[in-house]
Amino acid sequence: MTRSDMPWKTFSAAALVTAGLAMPASAALNDLQALTSFSGDGWLSPAEAGGDLASANLVRSMAFNSATGNVLFVDRNTVEAISGETGAVVSTFDNTGVGGGTFNLNALGVTDDGVVYASNLTTNSTTSPLRIYRWADESSVPTAYFVGDGGAPAAGVRLGDALEVDGPDATGQIAAGFSGAVGFGVIPTGAATPAATGVSYAGTAPNAGDYRLGITFADADTVLGTQGTSRQITTFTGSAGVLDATVALTSASERGMDYAVIDGEAYLATIDTVSNLVRLYDATDVENLVLLDSENLTTSTASNGNGTSAVSFGVLNGDPVLYALNTNNGIQAFSVVPEPATAALLGLGGLAMLRRRGA
């Protein structure tokens, strides 16, 4: 499945202009470099984060906010904002009215225009529903946006281990994978009365839980997901899903993931929840990824028995960046740069990315 086959969407990027010249078409990004302004070396360890990222299985989700340049994460009760440039604490969100579930807050995502959605974790959607809260911006009081079973096809499903938010708020979507059931649910953002649609399969289907621990949109109707061992690729229309491919992972513990299109080129980034290794792939053909680079900025590894993690592309000062969270192991921050020969030709400057809905 190549870009010529599908209306690829997730990120598009304006051309880099240096001395009045557009960036060459050959300037593909293929290198992860430590964003050294972030905590001094690109790694915000649990010890450096003032306890907010401490090794207690508390922090399981993270997302970059394009509207502010901040990195957001949840710690079971609140949403925290840190600077995407330095890692310094910026703010703690208002959590008025937030509550319910095994954890009050467990997973989050951000629309392209800075609206934040965060969900609880429920181990039984029948007795304790999925709750999604909405913050219009980082200083807003939250509203209870969605309460329900998330489109689960059966009773008693676990929900809220991972959440993906796609697009601007007015036309965006939220995807959440089921544990103990096949498929995932889709909920519109920015709706007056949001309703969940459970995506199910008439033919070959993934295994139950295959979208639970890593989930990302490749376009408005294509979702990639995993809980380890393999990556599932589903296209869907309404509630009807088609499993396009099941692809072996580079490692069985490669879970958190994010997809982006930067200057017309498709990329997928992942993090390994055992080794902390962050991988960058060429995703021109999402069924046949090509590894471009792999990096690990951490100097120690804490156990993450839940396999929870998150990866998020973004733009900082006009340049592509990538953030990767592995629970109990802090957050790594990278600049995503062209191959060295191309970078030398470009000189100073950067790419500008803005998210756009696909056709």
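Predicted model only: the values in this text are computed from it and were never measured.

About the cut-offs
Residues numbered from 1 in each chain as written. Predicted model: local features only at pLDDT ≥ 70, side-chain atom pairs only at ≥ 80, totals over all residues. Heavy atoms only, no water. Core = buried A, V, L, I, M, F, W, Y, C linked by side-chain atoms within 4.5 Å. Buried < 20%, exposed > 50% of the residue type's maximum accessible area, 1.4 Å probe, protein only. Helix = DSSP H or I, 4+ residues; strand = E, 2+ residues; numbered from the N terminus. Contact = heavy atoms within 4.5 Å. Pairing = 2+ DSSP bridges. Axes fitted to C-alpha atoms, helices over the stretch in contact; angles between N-to-C directions. 1 Å grid on protein atoms, 1.4 Å probe; cavity = no way out; pocket = protein on both sides within 12 Å on 5 of 7 lines; lining within 4 Å. Points joined across faces, edges and corners; volume = space filled by probe spheres on them. Nonpolar A, V, L, I, M, F, W, Y, C, P; charged D, E, K, R; others polar. pLDDT = per-residue confidence, 0-100. Phe/Tyr/Trp six-rings, centres within 6.5 Å; stacked < 30°, edge-to-face > 60°. Lys NZ or Arg CZ within 6 Å of the ring centre and 35° of its normal.

J.: An account of the nonpolar core is requested, with residue identities and associated values reported.
T.: With 18 residues, the main nonpolar core has Phe38, Met62, Tyr323 and Ile331 as its most contacted residues. Contributions of two or more residues to this core are made by strand 6 (62-65), strand 7 (70-74), strand 26 (309-316), strand 27 (319-326) and strand 28 (331-338). Examining the composition of this core, we find that three residues originate from one element, strand 27, more than from any other. Discounting residues that sit within four places of it in the chain, Ile331 has contacts with Phe38, Gly42, Trp43, Leu44, Leu53, Met62, Val71, Phe73, Ile82, Tyr323, Ala324 and Leu325.

J.: Can you lay out the pairing of strand 15 (residues 173-177) for me, pointing to particular residues and giving the numbers?
T.: For strand 15, the buried fraction is high: five of the five residues fall into the buried class. Neither face of strand 15 is left uncovered, since the one carrying Gln173, Ala175 and Gly177 and the one carrying Ile174 and Ala176 both have all their residues buried. Two successive antiparallel strands, strand 14 (residues 163-166) and strand 15, enclose a turn made up of six residues, where Gly167 displays a positive phi of approximately 90°. Two strands pair when backbone bridges link them, and strand 15 and strand 16 (residues 184-188) are joined in this way by five bridges, in the antiparallel orientation. The residue of strand 16 that forms the bridge with Ala175 is Val186. Connecting strand 15 to the antiparallel partner strand 16 that follows it, the hairpin turn spans six residues, and Gly180 within it adopts a positive phi of roughly 85°.

J.: Lay out the sheet that holds strand 12 (residues 130-135) with the relevant residues and their values.
T.: Reading across the sheet, the four strands line up as 10-11-12-13 and stay open at both edges, with antiparallel pairing between neighbours. The open sheet has two edge strands with one neighbour each: strand 10 (103-110) and strand 13 (143-148). Looking at each pair of strands side by side, their axes are set apart by 25° on average, direction ignored. Direction of pairing for strand 12 relative to strand 13: antiparallel, over a ladder of five bridges.

J.: Mind laying out empty space enclosed by the protein, listing which residues take part and the relevant values?
T.: One simple way to see leftover space: roll a probe sized like a water molecule over the atoms. If you walk through the whole model with that rule in mind, you get two cavities of 30 Å³ or more. Computed from the structure, the largest cavity encloses a volume of approximately 320 Å³. In this structure, the largest cavity is lined by 31 residues; those nearest its centre are Met62, Ala63, Leu163, Glu164 and Val311. Elements with a contribution of two residues or more to the lining of the largest cavity: strand 6, strand 10, strand 14, strand 18 (214-219), strand 22 (254-262) and strand 26. Take the lining of the largest cavity: its biggest share by element is five residues, from strand 26. Across the lining of the largest cavity, the residue classes break down as 16 nonpolar, nine polar and six charged. Considering only enclosed or pocket space, the second largest cavity measures out at about 30 Å³ in volume. Around the second largest cavity, the lining residues are Leu53, Ala54, Val59, Leu325, Asn326, Thr327, Asn328, Asn329 and Gly330.

J.: Could you give an account of the sheet that holds strand 24 (residues 278-282), with specific residues and numbers?
T.: Sheet strands associate in pairs through backbone hydrogen bonding, adopting either a parallel or an antiparallel arrangement. The strand order across the open sheet built from four strands is 22-23-24-25, with neighbouring strands paired in antiparallel fashion. Of all strands in the sheet, those bounded by a partner on one side alone are strand 22 and strand 25 (290-295). Averaged over all neighbouring strand pairs, the angle between strand axes comes to 20°, with direction disregarded. Where strand 23 (residues 265-272) lies against strand 24, five bridges are found, and the strand directions are antiparallel. From the neighbouring strand, Leu268 faces strand 24, where its bridge partner is Tyr281.

J.: Give a detailed account of the confidence of the model for the protein, specifying residues and quantitative values.
T.: Detailed reading of the predicted coordinates is not advisable wherever pLDDT falls low. Mean pLDDT over the protein stands at 88; residues scoring 70 or higher make up 87%. For the stretch residues 1-26, pLDDT sits under 50, and the model shows 86 contacts to residues farther than four places along the chain or on other chains. Throughout residues 341-359 the model reports pLDDT below 50, and contacts reaching past four residues in sequence, or to other chains, amount to 63 contacts.

J.: Report on the packing of aromatic side chains, specifying residues and quantitative values.
T.: Taken as a whole and judged by the stated rule, the model has six aromatic pairs. Plain terms: the ring middles of Phe38 and Tyr323 are 5.8 Å apart, the flat faces sit at 65° to each other, and that makes the pair edge-to-face. You can see Phe38 sitting in the loop between strand 4 (29-34) and strand 5 (43-44) and its partner Tyr323 sitting in strand 27, a full 285 residues away along the chain. A centroid spacing of 5.5 Å and a plane angle of 10° characterise the contact between Phe64 and Tyr323, whose relative ring orientation is stacked. With a gap of 259 residues between them, Phe64 in strand 6 and Tyr323 in strand 27 connect regions that are remote in the sequence. The class of Tyr323 is buried, set by a relative accessible area of 0%. The ring of Phe103 is capped by Arg76, whose NZ or CZ atom sits 3.8 Å from the centre of that ring.

J.: Report on unusual backbone geometry, specifying residues and quantitative values.
T.: With glycine set apart, most residues show a phi of negative sign, and most peptide bonds adopt trans. Of note, Ser39 is a non-glycine position whose phi angle comes to about 60°, a positive value. Locating Ser39 in the fold gives a position in the loop between strand 4 and strand 5.

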